[in-house]
Amino acid sequence: MILIALGSNLDSRWGSPRQTLMAAVAEIQRRRIKVVALSTLVATPPMGPQNQPMYVNAVARIATHKSPEALLRCLHQIEREAGRKRLRRWGARCLDLDLLDYHGVQRKPAHTSIKPLTLPHPGIAQRSFVLEPLAEIVPAWKHPISHQTPALMLRKLYGLNSI
């Protein structure tokens, strides 16, 4: 199973954050990557600096024969086409596409030509804006390292692990 996170909190050349995410999904499919499932688009507060607009987030389950590195390059190309400029960590952005899981592959940071690739994405368990959409579209999915479902990680994130 291959999972990607989508996020936007600034207008792009494709329109509003919601329009940008839908255009990104169309661009992903145009590149012969099948979108198997797409979560509901949800508005969420920003992670990091709070003096920026709310985000629109989603998660997609995709199918592709591309390698993790080739897929990441493709996702970054789509970000650039939307107008993304990498200026500040956790800063406002018109489009953010993160590779969350690639068939359960576990990979420590390995430098690619664009940025280190770590699988699964190291921030999954700390991000409700990723976990809630994951619970919606792939509730039985288990984190490749912790073997926890999105619902269990959400309960832990919210301090409800005793329930």
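Reference entry: report on the structure contained in this document. (Residues numbered from 1 in each chain as written. Predicted model: local features only at pLDDT ≥ 70, side-chain atom pairs only at ≥ 80, totals over all residues. Heavy atoms only, no water.)

Okay, the pattern of salt bridges next. The final tally for this structure, using the stated rule, is seven salt bridges. For Arg84, the salt bridge identified is with Glu79, shortest N-O distance 3.4 Å. One exposure class covers both Arg84 and Glu79, and it is buried. A salt bridge links Asp96 to Arg93, with the shortest nitrogen-to-oxygen separation between them at 3.2 Å. Here the two residues Asp96 and Arg93 agree in accessibility, since each one is buried. (Salt bridge = Lys/Arg side-chain N within 4 Å of Asp/Glu carboxyl O. Buried < 20%, exposed > 50% of the residue type's maximum accessible area, 1.4 Å probe, protein only.)

Mapped onto the secondary structure, Lys66 falls in the loop between strand S4 (55-63) and helix H2 (68-82). Of the residues examined, Lys66 reaches a relative accessible area of 29% and is grouped as partly exposed. Through-space distance from the C-alpha of Lys66 to that of Arg31 is 10 Å; in sequence the pair is 35 residues apart. Excluding residues that lie within four positions of it along the chain, Lys66 makes contacts with Arg31, Ile33, Leu71, Cys74 and Tyr102. (Helix = DSSP H or I, 4+ residues; strand = E, 2+ residues; numbered from the N terminus. Contact = heavy atoms within 4.5 Å.)

Summed over the entire model, instances satisfying the criterion amount to zero disulfides. Cys74 supplies the cysteine sulfur nearest to Cys94, a cysteine that is in no disulfide, at a spacing of 16 Å. (Disulfide = S-S within 2.5 Å.)

Let us now look at helix H4 (residues 150-157). Within H4, the full set of buried residues consists of Pro150, Met153 and Leu154. The buried residues of H4 occupy an angular sector of 100° when projected down its axis, which confines them to one face. Once H4 finishes, Gly159 follows within two positions and takes phi at roughly 75°, a positive value. (Arc of directions from axis to C-beta.)

To continue, consider the pairing of S4. Extensive coverage of S4 is indicated by the burial of seven of its nine residues. Pairing of strand S1 (residues 2-8) with S4 involves seven bridges; the strand directions are antiparallel. Along S4, the bridge assignment pairs Ser8 with Val56. The sheet contact formed by strand S2 (residues 34-38) and S4 spans four bridges and is antiparallel. Counted as the bridge partner of Leu38 is Ala60 from S4. Two strands pair when backbone bridges link them, and strand S3 (residues 42-44) and S4 are joined in this way by three bridges, in the antiparallel orientation. (Pairing = 2+ DSSP bridges.)

What follows deals with the layout of surface pockets. One number sums up the size of the second largest pocket: a volume of about 190 Å³. Looking at the second largest pocket, it is lined by 12 residues, and the ones nearest its centre are Lys108, Thr118, Leu119, Pro120 and Ile145. Elements represented by at least two residues in the lining of the second largest pocket include exactly strand S6 (107-111) and strand S7 (116-119). Per element, the largest residue contribution to the lining of the second largest pocket is three residues, and it comes from S6. Of the residues that constitute the lining of the second largest pocket, the class distribution is five nonpolar, five polar and two charged. (1 Å grid on protein atoms, 1.4 Å probe; cavity = no way out; pocket = protein on both sides within 12 Å on 5 of 7 lines; lining within 4 Å. Points joined across faces, edges and corners; volume = space filled by probe spheres on them. Nonpolar A, V, L, I, M, F, W, Y, C, P; charged D, E, K, R; others polar.)

The next thing to look at is the pairing of S1. In terms of residue burial, S1 counts as a mostly covered element, since seven of its seven residues are buried. The side-chain alternation of S1 yields two buried faces, one formed by Ile2, Ile4, Leu6 and Ser8 and the other by Leu3, Ala5 and Gly7. Bridge analysis of S1 against strand S5 (residues 96-102) gives six bridges, and the strand direction is antiparallel. Its bridge partner lying in S5, Ile4 is registered against Leu99.

At a minimum axis distance of 8 Å, the contact between helix H3 (residues 128-137) and H4 shows a crossing angle of 145°. Here H3 and H4 pass one another in a crossing that is left-handed. Only Pro150, Met153, Leu154 and Leu157 of H4 make contact with H3, whose side of the interface consists of Ser128, Leu131, Glu132, Leu134 and Ala135. Grouping the constituent residues of the contact of H3 with H4 by class yields seven nonpolar, one polar and one charged. (Axes fitted to C-alpha atoms, helices over the stretch in contact; angles between N-to-C directions. Left-handed = near helix turned anticlockwise from the far one by under 90°.)

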